[in-house]
Structures are given as structure tokens and as C-alpha cells.
Amino acid sequence: MVSKILSSAVVGVDGYIVEVEVDLSQGLPAFDIVGLPDSAVKESRERVRTAIKNSGYDFPIKRITVNLAPANTKKEGPYFDLPIAAGVLSCMKMIEPHKLKDTILIGELSLDGNLRSVNGVLPMMYSAYNAGVKTCIVPLDNAVEASLVTGLTVIGIANLRELIAHLTTPTIEPTTVDIEKLFESSVSDNPLDFSDVKGQENVKRALEIAAAGGHNILMIGPPGSGKTMMARRIPTILPDLTINESIELTKIYSVSGLLANRNSLVTKRPFRTPHHTISNSAMVGGGRIPRPGEVSLSHNGVLFLDELPEFHRNVLEELRQPLEDGCVSISRVNGSVTFPSNLMLVASMNPCPCGYYGYSEQCTCTQGEIDKYLGRISGPLLDRIDIHVEASAVNYNDLENKTGTESSAVIKARVVDAHRIQQKRYEHDAIYFNAQLSASQIDKYCQLQSAERELLKNAFDRLKLSARAYHKILKIARTIADLDGQTDIQFTHLAEAIQMRNMDRKFW
């Protein structure tokens, strides 16, 4: 007898449907799994056999053949334990086949028959919904995550006995979740605030513009000027995630197994701070089974690289494609996957190895050492960073100033207003921030009058800007205009944007 059970697996951050075919036939006892299974899938034989026996059922002493279709796609992970077990039980007439019609089963079995949670449930549920599946049976710990996909009936079960009992007489209530309520219950507990920062008004202004438009930013300055301190406060001024952004981010964290709580969405923009010893694959993703790297874990959020020149040169060069395309493509022998990486890069660095070049006579570096240090940041990578700003040393009067500076809440209010303008403007363009504008969209949304065009032409010729820098300036000017509540880009907006692309000329 043959039974067919629907299941699902993950490639990259997308799910796809797998049909699990189980056949019981006469012959020498055997348990074979075909359909390009990896080691974890092959080991399902022992988990399924032991879980069925320890759940109080007889395991058939027959020839069992399991086929995972499509057979030309590599199957990885423990997702198929539950559907294989259900297929065996269906062939034994313990589960009526029609009870599993239009139903997907996913889960890893323990030896005592209990179900363990698996990674990547959310993207698998989206693939099930798109395939027309009506019901999903998943481990109890994954039930809330699965129910984030509206339109599916999600049943969370704890063990095999519950599965058979529910399919015989439905007793388990479907799991539901209110996504909007999850957002409302998400309270920020970040104790950091921009009111703690003394001085550095130009840097705070640049960070506000970067947060409002999703622009990449590089801060250059001596040690102790507050670069890291300000960077760590960026999450306090970022606009809140939209529901669509949150779903995108939760899919990535689900696949990576990094959901802190499987019963919740990722409702805050990520702020990732990798150490400078990070490898290429950890930064952009990779491995034998490709997994998202830091650039994808920072999707819709911030990737902060402190002491930028200390990162390996080849790691930094890997950032060029994600920053330009908003995605990472990883190719392996078995195929290729694409991970999203629409992020805001925030980097900080000193002007030289000792940190004081151009700021103090304490600098002991030779010109050769300075050139070698700055040379670790290539021109193409520097050109992809929208805003370059100088963080000068803080003077004593600023530190002693007791009058309060602007709080994060005040700055965030302006950032949110600017973001709201962008959301309305781009509601039909599938983008969220000015930094994501394409060349054709720049021509549409960043039009200049004659005086502004003349200013930009002079800056382009005198500063020897690239075409990419030209587009970056227009995007920044668009964001400044949005912060100012203006429909058109004015002369002052463009002048301020040009200033933020000129810092690299001082050092490089």
C-alpha cells in the first residue's frame, strides 16, 4: 500500500513543497529513503522506527520505501520525521488517508515519540499557503510561528499519540495569533538615549538623516570622540518596523534558528555588531548548506562595523554586492540561493593606526603607515557609503554643558515623519526608504530646478564624483527635504547633501 503525505523544506529563506510517498510491501524487512536525502534525513529511519514503538504502536516488519519528491532536489534537515511516521501509520490503517488531504506535516521526532521544534517554519508555511494547502500540523513549539500566516489552519501537537487522536476525533483547537497585538505589546527597553551625547551636533544630524532615509554612513574621528557611543544609540531613533518588514525579518531569523522566542515576531529593527575577526561566510552567508550571514541578519536594520579598517580586506570587499543590490547570491554545486540584505551600514574608524592624525600632535604614524591603514578601505566600497562625517574630539565646554540636548524621542519623531512621507510616496514602488531608490526612480522623485542643477554640476566636476556618488547625493538631498517637510529638493538641501560626500577627500 502507498500513502502520500505533504511536507515542506527550505532553500535559502524560501520554502517549497515536498511530497513524502511511503510504500509498505512484502519482502525482507528494510527501511529505505530515496529522493536525494542528506545524512539528517537518512537518520529519520531510526528516529521514526523507535518513536512509533515507544508511542505504543507496532512497527511493521515489512519492506518500507520512502520517496521524497521532487527527487532531483537535495533534502536536508529533520523536517520529514513526522510525515514519514504518518505515512507508515497510514499504510498500517491507523490513520485514514483522506484525513491528511490538503494537510502539511512538519516536525522532528524524539525517540520517545515527542515532537521537537524545527527551524524555518514560517517560510514553509508561506509555501504551503501559496500551494493551496488548508491545514498545517506542526510541533507545538512552532504553532504560533506558523499561525503568523493568515489563511491557514494550524494544529500544534506534542507527540505522535496526539496526532493519531486528533486525526481520529479532532480535539485540538487551531492556534491563532493577532499580529497587530504582538506589535502593540512590543515595548522598547533600550536604556540608551541621544541626550547622553555631548557635542557632536554635526554627527547627530548626519545620523538623523541616515536613519530617516536608510543611508549608509561612515564616521571618522580620533579615539574617544563618541563614534561607538552614538552608533549604539541609532536603534532609538529608527522608525518602527512595518508588518511586512517584520515578516521578512522573521523568516530570516526562523531559518537561522535565531528566534529568541518562537511565540513572537521580530518586532524591532536588528542592530548587528560583528567582531572584526569575522570570516567571509559569516559576514555574507555561506557554508556547505548556505545560511544567512550578518548582512542578511541585518536586513531592514543596522549593521555596525566598529574600527572598519581592522576587518579583513576580503571581508569588506564582500560587502560591495549586498550594499549595491540589497541581496546576496550564493552559488554552490547543488544550486544557488539568494538572501535579502536591505540594510543600513554604519561604520566608524580612526584616521590612522594611532588615531590622532589630523587632530593632535600626538600622532606618531609615518605617512606610509597612514596610507596603508586608509588603503584597507577600497575606493569602490567607500563610494557605496552614502554619508561621510567627521567626529572631532569633544572639547571640555561641551562635556561640562549641563543643558539637555535633544533626546532620542524628539529625533525619532522627525525621522518617523520623514519615513511616513516616504511610505506614502513609494506605496506602489515596493520600497521603504530613499536609499533604496533605483536610477529610474531617482529621475522621477529627485528632480532639480536650474539653480540646484548648476550647484550639483559644479560639485560633480570639482570633486570628481562618480555616477554612483551623484545618485547618492540626490538620495540624501531627497531625505533632507523630507525631514524639512518639503516636496521639492531645494538649494540648501542639496548643499548639505554635497557636504556629506566630501569627507573622504580630506583623508583619501
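Look a little higher up for the structure.
Residues numbered from 1 in each chain as written. Predicted model: local features only at pLDDT ≥ 70, side-chain atom pairs only at ≥ 80, totals over all residues. Heavy atoms only, no water.

1. What about helix α8 (residues 201-213)?
End to end, α8 covers 19 Å across 13 residues, agreeing with the expected 18 Å (1.5 Å per residue, within 8%). With 10 of its 13 residues buried, α8 lies for the most part within the structure. If you check which residues of α8 are buried, you get Val203, Lys204, Ala206, Leu207, Glu208, Ile209, Ala210, Ala211, Ala212 and Gly213. Gly214 occupies a position one or two residues after α8 and carries a positive phi of about 70 degrees. (Helix = DSSP H or I, 4+ residues; strand = E, 2+ residues; numbered from the N terminus. Expected span 1.5 Å × (residues − 1). Buried < 20%, exposed > 50% of the residue type's maximum accessible area, 1.4 Å probe, protein only.)

2. Thoughts on the side chain of Ser147
As for its placement among the helices and strands, Ser147 is situated in the loop between α5 (143-146) and β9 (153-157). What makes Ser147 buried here is its relative accessible area of 8%. Contacts of Ser147, omitting those with residues within four sequence positions, involve Val154, Thr175, Thr176 and Val177. (Contact = heavy atoms within 4.5 Å.)

3. A short note on unusual backbone geometry
Here the amide bond leading from Ala69 into Pro70 is cis, since omega sits at 5 degrees, within 30 degrees of zero. Within the secondary structure layout, Pro70 lies in the loop between β4 (63-69) and α3 (81-91). Even without a glycine there, the phi angle at Ala430 is positive, about 60 degrees. In this fold, Ala430 is placed in the loop between α18 (408-425) and α19 (439-445). In this structure Ala430 comes out as exposed when scored by relative accessible area, which is 75%.

4. What to know about the side chain of Arg478
Its place among the elements puts Arg478 in helix α21 (residues 467-483). When near neighbours in sequence (up to four residues on either side) are disregarded, Arg478 contacts Arg425, Tyr426, Asn434, Tyr445, Cys446, Gln486, Thr487, Asp488 and Ile489.

5. Quick look at the packing of helix α4 (residues 121-130) against helix α10 (residues 243-256)
For the pair α4 and α10, the least separation of the axes is 7 Å and the interaxial angle reads 120 degrees. Classified by the angle between their axes, α4 and α10 sit oblique to one another. Residues Val121, Leu122, Pro123 and Tyr126 of α4 touch α10, and the partners they reach there are Ile247, Thr250, Lys251, Ser254 and Val255. Along the lines of polarity and charge, the residues of the contact of α4 with α10 split into 6 nonpolar, 2 polar and 1 charged. (Axes fitted to C-alpha atoms, helices over the stretch in contact; angles between N-to-C directions. Parallel < 35°, antiparallel > 145°, perpendicular 65-115°, else oblique. Nonpolar A, V, L, I, M, F, W, Y, C, P; charged D, E, K, R; others polar.)

6. What about the environment of Pro274?
Relative to the assigned elements, Pro274 resides in the loop between β11 (271-272) and α11 (280-284). Residue class for Pro274 comes out buried when judged on its relative accessible area of 12%. Each C-alpha atom, one on Pro274 and one on Ser378, is 20 Å from the other, the two residues being 104 residues apart in sequence. Those residues in contact with Pro274 that sit more than four places away from it in its chain are Met283, Glu294, Leu303, Phe304, Leu305 and Phe311.

7. Details of the nonpolar core
Counting residues in hydrophobic clusters, the biggest one holds 102 residues, and the most contacted among them are Met125, Leu163 and Met283. Excluding residues that lie within four positions of it along the chain, Met125 makes contacts with Ile104, Ile106, Cys136, Val138, Ala146, Val149 and Leu152. Ranked by size, the runner-up nonpolar core spans 50 residues in total, among them Phe194, Val302, Ile411 and Leu483. (Core = buried A, V, L, I, M, F, W, Y, C linked by side-chain atoms within 4.5 Å.)

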